[in-house]
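The chain contents come next:
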Amino acid sequence: MVDRTIENFDCGHRACGGCGASSAVRMILKGAGENTIVVSPTGCLEVFSTPYPETAWKTPWIHSLFENASAVASGIEASLKKQGRLDKEKILVIGGDGATVDIGMLCISGAFERGHDFTYVCYDNEAYMNTGIQRSGATPYDADTTTSPSGACSTGNNRPKKDLPQILVAHSSPYVATATMAYPMDLMKKVEKAMNTPGPCYIQVHAPCCTGWGFDGAKTMEIGRMAVECGLWPCYEMVDGKITSVKKVKRVLVDEYLKAQKRFRHLFKPTRNDAEIAKIQAIADANTAKYGIDIE
Amino acid sequence: MTLQIMEGSIAVAETVRLCRPQVISAYPITPQTHIVEGLASIVADGRLDAEYICVESEFSALSACIGASAAGSRVYSATTSQGLALMAEVVFNSAGMRLPIVMGIANRAISAPLSIWNDQQDSIMMRDSGWLQFYAEDNQEAVDLHILSYKICEDHNILLPAFVCFDGFILSHVFEPVDIPSQEEVDEFLGPFTPYQKLNVKDPISFGMYATPEYYLEFRYEHDQAVHRAADAMRKYGKAFGEKFGRDYSELVEGYRLEDADIAIVAMGSICGTTKDAIDEMRAEGKKVGLLKIRCFRPFPAADIAKALAHVNTVAVLDKNISLGAKGAVAIEIKEACYGSGIPVYDYILGLGGRDVRKKDIKKIVELAEKGSGDMFYGLREELL
């Protein structure tokens, strides 16, 4: 096991108080261990951690553009391989959901198909938070964002989340997992496993955003746990395309998770929208059926 | 020196091999394909110890070059036209990150309408990106400028990427005699890549941080200064290249029968060869015409150009590109370089999308310039308009 006392993500960065992504990154780097080169696409993380001339990164770090982190990582991997450094240094991409499931889709698909040896961790805060909470392909069904606002003719985002983990399983990725910053030990363990698995590995990490989702920044961990407990965020591992572990829970209804966040407030006020809440419950039920989340 | 008859693209591929890039990342596009196919074969045959990344797009081709260069490798890519347009964001970004990437451009027209044929709109549209831009007249120059580019770009006082531009099909697919230097000579001239800084766990640094308004202007100034410094680097290394390989590249612009010319034609790329032949014929007829070839478009050698053209009474610029709604990009800058001299500078947009430019066209343009008729598209088929 790698040394979990390492702190390669320094304090003093400019994330919001209660930022799920920044806590996740600290844990991710503990899981990755020393000798890690990090690539970050443009996004919240990049912006709050590297305003020139300050940096929060105590490990080598590179940012190029919004959509090309996987391609940059491909180049780093090829270079390290040719220099004989790949056995000593590892490559880790850490990017947000917009950079990963939307604009970076071409690059991530290409890099995973080519089989480069790197790990991609997506901190999923379920919208474009850096630019002001716009909808992404990872925004959950019915969430209110600034580009999928609820209104007289809208219940918020009208599509379910894009399932990038399964898309990357279809790319024959040797290790695909989901995790949450609300379970740090599990997150660190999964990152360590991915970093030590040859080939392109992917972890999607639930990273609640108090600013974008509308909850008290003191409750970030709590919100993260609620997502798992209601079945909307299944935590699983897939090795060579087969499920090898699932976080089992004594599942509760989705209501409390939704009620705790302003982005779902329109489902309860002025009146409770039973039909829409039932659709979200159906998503949680489908996750349960697919991954076997329930404690029997 | 041993001359071999070979296709331009293969000559470029063999030259890139001699430069020993450790990572090649490219996506196929006509008319660049023979270069990347050639390099793929060279790597497959073990004639170059490099990683060849078959990326899924030009956007990723140059992005992977960024990663590989930042990690400490000499890198190469090649593209053209739509490929260059697709990688536009990465072109600007890689230059701002000050990475010494060399990329071959087999110049081709831009869609729409789709055209696979030659003009120089593609590299010209990237003129403000902060990449150096060199233009080859023939395949020998395409070969030599590749080697020279690595030398200039990797200088720690420069640290910039460069396009080596050579006209698609007209050069890329043509068989000409070229001298491909020996591995020993190129090794002696270039030496191994020594990055100024690199991604390295023993010395962690952050690359590609964002700049607030308190810093951005200075980043751009430093970048601009480096592009300007590349002019002197080209003079210095171009001279050293001449001493090593017998072909001097110390001049950013090159005159042909220009010393006593009344009319100067200004051009870039393969059209210079046709122009030289036309000039020889016009000279035989008693017309004092010369050529000023622009070999280095970025940095733009305005002072060199003003000096070279100071004695002529008319300038005719051949532009294989058009800044729509304005003029040809080369003419715009030649007019600026000649500002105050009183010398009339006429622009001729020609050869777009592969339209052939012949000696008689060059002669016709000289006649137009003599009559003071210019700033026009040349060779339009009036019946289609």
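Residues numbered from 1 in each chain as written. Chains lettered and ligands numbered in written order. Predicted model: local features only at pLDDT ≥ 70, side-chain atom pairs only at ≥ 80, totals over all residues.

Engineer: I tried to follow unusual backbone geometry on my own but got confused; where do I start?
Structural biologist: In most cases, non-glycine residues show a negative phi, while peptide bonds are predominantly trans. Looking along the chain, the bond that leaves A:Y52 and enters A:P53 is cis, with omega of 5°. With respect to the element layout, A:P53 can be found in the loop between α2 (44–49) and β2 (61–62). With an omega dihedral of 0°, the bond running from A:K269 to A:P270 counts as a cis peptide bond. In this structure, A:E126 is a non-glycine residue whose phi angle is positive, near 65°. Topologically, A:E126 is positioned in the loop between β4 (119–124) and β5 (150–151). Residue A:E126 is classed as buried on the basis of its 27 C-beta neighbours within 10 Å. Although it is not a glycine, B:D375 sits at a positive phi angle of roughly 50°. B:D375 sits in the partly exposed class, given 14 other C-beta atoms within 10 Å. (Helix = DSSP H or I, 4+ residues; strand = E, 2+ residues; numbered from the N terminus. Buried ≥ 20, exposed ≤ 12 C-beta atoms within 10 Å, placed from the backbone.)

Engineer: Looking at this model, I keep getting lost on the environment of B:M268. Mind explaining?
Structural biologist: Residue and element names in this part refer to chain B. Here M268 lies in the loop between β11 (263–267) and α10 (271–284). M268 sits in the buried class, given 30 other C-beta atoms within 10 Å. Here the alpha-carbon distance between M268 and E137, two residues 131 residues apart in the chain, equals 7.2 Å. In contact with M268, other than residues within four places in its own chain, are Q120, Y135, I294, F297 and V330. (Contact = placed C-beta atoms within 7 Å.)

Engineer: What is the right way to read the packing of helix α7 (residues 139–153) of chain B against helix α9 (residues 216–245) of chain B from this model?
Structural biologist: Relative orientation and spacing of two packed helices are given, respectively, by the angle between their axes and the distance between those axes. Residue and element names in this part refer to chain B. It is the contact of α7 with α9, at a shortest axis distance of 10 Å, that shows an interaxial angle of 130°. The orientation of α7 with respect to α9, classified from their angle, is oblique. Two packed elements cross with a definite hand, and for α7 against α9 that hand is right-handed. Two secondary-structure elements touch here, α7 through D144, L148, K151 and I152 and α9 through A230, A233, M234, Y237, G238, F241 and F245. Taken together, the residues that form the contact of α7 with α9 break down as 8 nonpolar, 1 polar and 2 charged. (Axes fitted to C-alpha atoms, helices over the stretch in contact; angles between N-to-C directions. Parallel < 35°, antiparallel > 145°, perpendicular 65-115°, else oblique. Left-handed = near helix turned anticlockwise from the far one by under 90°. Nonpolar A, V, L, I, M, F, W, Y, C, P; charged D, E, K, R; others polar.)

Engineer: Looking at this structure, how should I read the domain arrangement of chain B?
Structural biologist: How big an interface is tends to be reported as the loss of accessible area on association of its parts. Residue and element names in this part refer to chain B. Domain parsing of chain B yields domain 1 (3–245) and domain 2 (253–384). Measuring from the centre of the C-alpha atoms in domain 1 to the corresponding centre in domain 2 gives 27 Å. Counting residues at the interface gives 27 residues for domain 1, matched by 20 residues for domain 2. Within the residue set of the side of domain 1 that touches domain 2, elements represented by two or more residues are α6 (121–124), β6 (132–135), β7 (162–167) and α9. Counting residues per element, the side of domain 1 that touches domain 2 draws most heavily on α9, which supplies 5 residues. Partitioned by chemical class, the residues of the side of domain 1 that touches domain 2 number 15 nonpolar, 7 polar and 5 charged. (Domains from an automatic or database assignment.)

Engineer: I would appreciate a short explanation of the environment of A:V93 in the present structure.
Structural biologist: Residue and element names in this part refer to chain A. Residue position: V93 is located in strand β3 (residues 90–96). When the 27 C-beta atoms within 10 Å are taken as the criterion, V93 is described as buried. Residues V93 and C122 lie 29 residues apart in sequence; the distance between their C-alpha atoms is 8.0 Å. Sequence-distant contacts of V93, that is, excluding residues within four places in its chain, are made with V39, A69, S70, A73, F118, Y120 and V121.

Engineer: I keep staring at the interface of chain A and chain B and nothing clicks. Help me out?
Structural biologist: Contact residues are listed per partner, giving 35 residues for chain A and 39 residues for chain B. Elements with a minimum of two residues in the side of chain A that touches chain B: β2, α3 (69–83) and α5 (105–114) of chain A. Counted by class, the side of chain A that touches chain B contains 17 nonpolar, 13 polar and 5 charged residues. Where β2(A) lies against strand β9 (residues 206–207) of chain B, 2 bridges are found, and the strand directions are parallel. Bridging from a neighbouring strand, A:W61 pairs with B:S206 of β9(B). (Pairing = 2+ DSSP bridges.)

Engineer: So what exactly am I meant to see when it comes to the sheet that holds β6(B) here?
Structural biologist: Strand-to-strand pairing in sheets goes through backbone hydrogen bonds, with the strands running parallel or antiparallel. Residues and elements named next belong to chain B. The strand order across the open sheet formed by 7 strands is β3-β2-β4-β5-β7-β6-β13, and the pairing between neighbours is mixed. What marks the edges here is a single partner per strand, and that holds for β3 (51–54) and β13 (296–298). The sheet shows a mean angle of 20° between the axes of neighbouring strands, taken without regard to direction. Both strand β4 (residues 75–79) and strand β5 (residues 102–107) contribute to a ladder of 4 bridges, which runs parallel. The residue of β5 that forms the bridge with S77 is M103.

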